[in-house]
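Fold and contact review
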Amino acid sequence: MPEVMMATEVKQTTRAQESTNAIERLYITMRHLLNRGFYKPSGVSGNALRTALLLLRPEIYGTIADDKAELNGLIYVLERLPEGIEECRFINLTSDEGFAKSHLKPIVPPKRRRNCYRIDDEQMNVEITRGRSDIYDILTHLTFLFIESGKICRRVLVDDGTSTIRDWDKLTEFVLSEEKTSEQREVALIHCANILSRTFDEVVEIQNKLKTPEDPDRFLNVIHWLGKLAIEEETTGNKRTITFSPLLRERLGHHIHGEKWADRIKATLKNHNLLHRPLHIISANMHSVMNSLFAKKALADEFPDNDSLEIYKALSSDKNKSLNKKVKNHALSNGMIMLEDESGANIDVQIFDTAKFGNGSCCYTLPNDIAKDEKPVIFVMDYAFGEQAYETIDELLKPMEEGQQKTFLNVDSVSIMGKAGILEGGKGDIMIPSAHIFEGTADNYPFENELKGSDFEGHGLKVTEGTMVTVLGTSLQNRDILQFFHESTWNVIGLEMEGVHYQKAIQSASQIRKSIKKEVKVRYAYYASDNPLETGSTLASGGLGTTGVKPTYLITDKILQQIFNS
């Protein structure tokens, strides 16, 4: 029996090593292509990306390595890429180069904050303002699309590439027709199901998820264009091309957007005479801190029973915009300053001056004997993306410089709340890290977390404590690597994308540059968005819905309790 177990362990480790090597090849190839300035997805470089992704077989992309189409992965990718990108033969990744001042209307993907511009019928420009993580994210998703595109092409081209199957001809006829009936749509979906090697039920389900009032046939259009461009590449040699603008390659890694973002914040703090006050930085969303501070007071008439969870669930619904507006107005009249991003970093900011909280306006109370100058300022920044976390916090923690004069921020604490993949548990459970390790390296960042697992007990949620892995991209995780991390002595409880980058900036500012106090407090807590070790529980299986409300506000409450009682 022990020999069998040892053999299994060796096999799993080997597969994990293969997967690690595939991730490394993907990133080396992507960085090489970025330096080179362009590549063709059907060329040698594009083939290297496809081969590595197929070897890795990330959980989020499901059946990417099978002949049949991967539909959940397709939805996941389409939510993170601009609408219409499947129609474009030329995709240009650019820096912020002034397209916003043109007549072009920005296209913003629903699940990624990035401005994209359809230049003409054949070209899509995608603005990169959040660093290399943004580029890796896009290139990985595009590689998935090109793999799916190739599957369609192989299914529909026959007779040595000189003709197409009847299913494809009928689908094309439907997509190009001007007037479409529901009966014709059903017939087109039947043909589409055959092309994709999927059941009629499956394609109808995806069709319903993707359709919009403006484009009821979006799914069929996407499949048509993915197939069309791949067929044209095969039959005419007219290749798709990905390019990186010279300005993007020149600016990358120079904190241009992060510096603009941080300078505006420091100027705002100075204008409101807040630079010297104790500052508590929180990386979270733009609603949980504001709602935790003010919602119960602002909505006392609407919710007389004062049930916090009921209030927060109501506020998370799109149907209750008037309630959200009421809470926001209450916050603005009690010391909140709202800074919508103008730097291109796509990170909005809220500043709460607790000295301006009206009597009885807030759900938390400060000690009675605290002087006005000692009352905390709570600074909330929206989520950063991957490496962007280092860029923004690194710039924020630098002193404000005016000529020869330097003014240091009085940072008391930095708190990070986020979503992460959990390796033992399910959606909504809580992870409290004691260290972050950086995937693909031996870099590790242990720290003293002010939040403890015991703080969250008794609320009906599973709480785990241990190490968290900061991954290069959530879309590259596979079961074998995660199993290895979970079962090895690293004691990994979950994976996310920003922890190492935040901690690296905090440690350099407090330990080396001395721009903030050495004893700055740090708090990290994550709630589970998915369990990539469980089949059907990846991010591609759908969002959290109201499952995320309870852990979000529980973590926010514990952070605020510590700030108000510190």
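Because the structure is predicted, anything quoted here is derived from the model rather than measured.

What follows concerns the overall build of the protein chain. Looking only at helices and strands, one finds 17 helices and 19 strands in the protein chain. Computed over C-alpha atoms, the radius of gyration of the protein chain comes to 25 Å, within 12% of the 24 Å expected from 2.2 N^0.38 for 566 residues, which places it in the range of a compact globule. Counting only C-alpha atoms and orienting by the principal axes, one finds that the protein chain spans roughly 85 × 65 × 55 Å. Counted over contacts in the protein chain with a minimum sequence separation of 6, partners at least 24 positions apart contribute 77%.

Moving on, we come to the environment of Leu-71. As for its placement among the helices and strands, Leu-71 is situated in helix α3 (residues 71–78). Accessibility expressed as a relative area gives 5% for Leu-71, which makes it buried. Along the sequence, Leu-71 and Asn-368 sit 297 residues apart, while their C-alpha atoms lie 58 Å from each other.

Here the structure, examined in full by the defined rule, presents 10 aromatic pairs. The interplanar angle of 90° and the centroid separation of 4.3 Å between the aromatic rings of Tyr-27 and Tyr-136 together place this pair among those described as edge-to-face. One end of the pair, Tyr-27, is in helix α1 (residues 2–36); the other, Tyr-136, is in helix α4 (residues 132–156), with 109 residues separating them in the sequence. Each of the two residues, Tyr-27 as well as Tyr-136, counts as buried. On the basis of an interplanar angle of 5° and a centroid distance of 3.8 Å, the ring pair of Tyr-312 and Tyr-553 is categorised as stacked. Note that Tyr-312 is positioned in helix α12 (residues 308–315) and Tyr-553 in helix α17 (residues 549–565), a separation of 241 residues in sequence. When sorted by exposure, Tyr-312 lands in the same class as Tyr-553, which is buried. Through pairs of rings, three or more aromatic residues link up here, namely Phe-294, Phe-352 and Phe-357. Across the ring face of Tyr-76, the terminal group of Arg-80 is positioned such that the distance to the ring centre comes to 3.6 Å. The aromatic ring of Phe-174 is capped on one face by Lys-180, whose charged end is 5.5 Å from the ring centroid.

Looking now at helix α2 (residues 44–56). An α-helix turns once per 3.6 residues; consequently, residues spaced three or four apart project the same way. Compared with an ideal rise of 1.5 Å per residue, which puts 13 residues at 18 Å, α2 spans 18 Å between its outermost C-alpha atoms and is within 8% of the ideal. Among the residues making up α2, those that are buried are Ser-45, Gly-46, Leu-49, Arg-50, Ala-52, Leu-53 and Leu-56. Take α2 and look down its axis: the buried residues cluster within an arc of 165°, on one side only. Where α2 ends, the next residue or the one after it, Arg-57, has phi of about 50°, a positive value.

What follows covers the sheet that holds strand β1 (residues 38–39). Reading across the sheet, the five strands line up as β1-β7-β2-β4-β3 and stay open at both edges, with mixed pairing between neighbours. A single partner strand is all that each edge strand has here, and the edge strands are β1 and β3 (116–118). Looking at chain direction, strand β2 (residues 90–94) and strand β4 (residues 123–127) are connected through five bridges and run parallel. What sits directly across from Asn-92, in β4, is Asn-125. Contacting β1, β2, β4 and β7 (241–244), α4 runs over the sheet at an angle of about 175° to β7.

Another aspect to go through is the confidence of the model for the protein chain. Of all residues in the protein chain, 96% attain a pLDDT of 70 or more, and the chain-wide mean is 91. Within the model, the stretch residues 1–11 combines pLDDT values under 50 with zero contacts to residues more than four positions away or in other chains.

A regular strand places its side chains on the two faces of the sheet in alternate fashion. Judged by how many residues are buried, strand β15 (residues 430–438) sits mostly within the fold: eight of nine residues are covered. Summarising the sheet, β15 and strand β17 (residues 463–470) pair through eight bridges and their orientation is parallel. Paired with Ala-435 across the two strands is Thr-467, which belongs to β17. With two bridges joining them, β15 and strand β19 (residues 521–530) adopt antiparallel strand pairing. Bridge pairing links Ile-430 to Tyr-527 in β19. Relative to strand β16 (residues 444–446), β15 runs antiparallel, the two sharing three bridges. Directly across from His-436, in β16, lies its bridge partner Tyr-445. The antiparallel hairpin formed by β15 and β16 contains five residues in its connecting segment, where Gly-440 sits at a positive phi of about 85°.

Orientation of helix α11 (residues 288–298) relative to helix α13 (residues 321–332), taken along the N-to-C sense of each, is 105°, at an axis distance of 9 Å. With respect to α13, the element α11 is oriented roughly perpendicular. Where α11 abuts α13, its residues Met-290, Asn-291, Phe-294, Ala-295, Lys-297 and Ala-298 lie against Lys-326, Val-327, Lys-328, His-330 and Ala-331. Of the residues assigned to the contact of α11 with α13, the class counts are six nonpolar, two polar and three charged.

Below, the discussion takes up the side chain of Lys-558. Tracing the backbone shows Lys-558 in helix α17. Once residues lying within four places of it in the same chain are set aside, the contact partners of Lys-558 are Leu-451, Asp-455, Phe-456 and His-459.

Turning our eyes to something else, we now look at α3. Here α3 lies mainly inside the structure; seven of its eight residues are buried. Buried within α3 we find Leu-71, Gly-73, Leu-74, Ile-75, Tyr-76, Val-77 and Leu-78. Summarising the contacts, the buried residues of α3 are in contact with α4, α6 (182–196), α7 (200–210) and α8 (218–236). Its side-chain oxygen placed 3.2 Å from the backbone nitrogen of Asn-72, Glu-70 serves as the N-cap of α3.

Conventions adopted
Residues numbered from 1 in each chain as written. Predicted model: local features only at pLDDT ≥ 70, side-chain atom pairs only at ≥ 80, totals over all residues. Heavy atoms only, no water. Helix = DSSP H or I, 4+ residues; strand = E, 2+ residues; numbered from the N terminus. Rg over C-alpha atoms; globule rule 2.2 N^0.38 Å. Contact = heavy atoms within 4.5 Å. Buried < 20%, exposed > 50% of the residue type's maximum accessible area, 1.4 Å probe, protein only. Phe/Tyr/Trp six-rings, centres within 6.5 Å; stacked < 30°, edge-to-face > 60°. Lys NZ or Arg CZ within 6 Å of the ring centre and 35° of its normal. Expected span 1.5 Å × (residues − 1). Arc of directions from axis to C-beta. Pairing = 2+ DSSP bridges. Axes fitted to C-alpha atoms, helices over the stretch in contact; angles between N-to-C directions. pLDDT = per-residue confidence, 0-100. Parallel < 35°, antiparallel > 145°, perpendicular 65-115°, else oblique. Nonpolar A, V, L, I, M, F, W, Y, C, P; charged D, E, K, R; others polar. Polar contact = N/O pair within 3.5 Å; in protein donor to acceptor, adjacent residues only side chain to side chain.

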